[in-house]
Amino acid sequence: MDTTPTITATEAQRLLDQADRLSRSAHNATRWPYIAFILALGVATSMGTFAMALATGDAFGLAYVGTLAVMFALVIFFMVSIQGRSAFARSRRWTGYIVSWFITYAVALAVVIWAHGSVLLAGTASGLVLVVAMICAAREARS
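Residues numbered from 1 in each chain as written. Predicted model: local features only at pLDDT ≥ 70, side-chain atom pairs only at ≥ 80, totals over all residues. Heavy atoms only, no water.

- The chain is annotated in an unreviewed UniProt entry as Chemotaxis protein CheY from Subtercola boreus.

And the structure:
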């Protein structure tokens, strides 16, 4: 005859607390590469667009190629660091972060194209990219 083991209320609460700690620990381990990626992406693209907006000639080319190289390195690092833990990358929240960053980055690139040399516009647009990335990272860190 099978008998079902009985658990006391104290044991059940202890098991629930342990499950909560394990869940939180797993979530934290999964989200930190995402937080680091969005912050690094924001910093790199913010500084890159600012440099491109103010530079001309070879300096512009260096800023452009440097920004692309850093973005490529970030994507490679990100893909390696989330290998096997990419479920979050398909979530609505992560999609919202990337869309928010992309829109502000597109605005910053528009400033580079149409208001080249304007320190005020370049600083504002590049700063906006950085602020949006920091807000997204902070929101993810608090969730």
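### A look at the packing of helix α2 (residues 57–81) against helix α3 (residues 92–114)
If you want to describe how two helices pack, look at the angle between their axes and the distance between the axes.
(1) Moving on: In the contact formed by α2 and α3, the axes pass within 15 Å of each other and the chain directions differ by 175°. It follows from the interaxial angle that α2 and α3 lie roughly antiparallel. Of the residues in α3, those in contact with F60, T67, M71 and F78 of α2 are W94, W101, Y105 and V112.
(2) Moving on: The class makeup of the residues in the contact of α2 with α3 is seven nonpolar, one polar and no charged. (Axes fitted to C-alpha atoms, helices over the stretch in contact; angles between N-to-C directions. Helix = DSSP H or I, 4+ residues; strand = E, 2+ residues; numbered from the N terminus. Parallel < 35°, antiparallel > 145°, perpendicular 65-115°, else oblique. Contact = heavy atoms within 4.5 Å. Nonpolar A, V, L, I, M, F, W, Y, C, P; charged D, E, K, R; others polar.)

### Some details on the environment of C136
(1) Moving on: One can find C136 in helix α4 (residues 119–142).
(2) Moving on: Overall, the relative accessible area of 8% leaves C136 in the buried class.
(3) Moving on: Remark: the alpha-carbon pair of C136 and I35, spanning 101 residues in sequence, is separated by 8.1 Å.
(4) Moving on: Not counting chain neighbours up to four residues away, the residues in contact with C136 comprise I38, Y97 and S100. (Buried < 20%, exposed > 50% of the residue type's maximum accessible area, 1.4 Å probe, protein only.)

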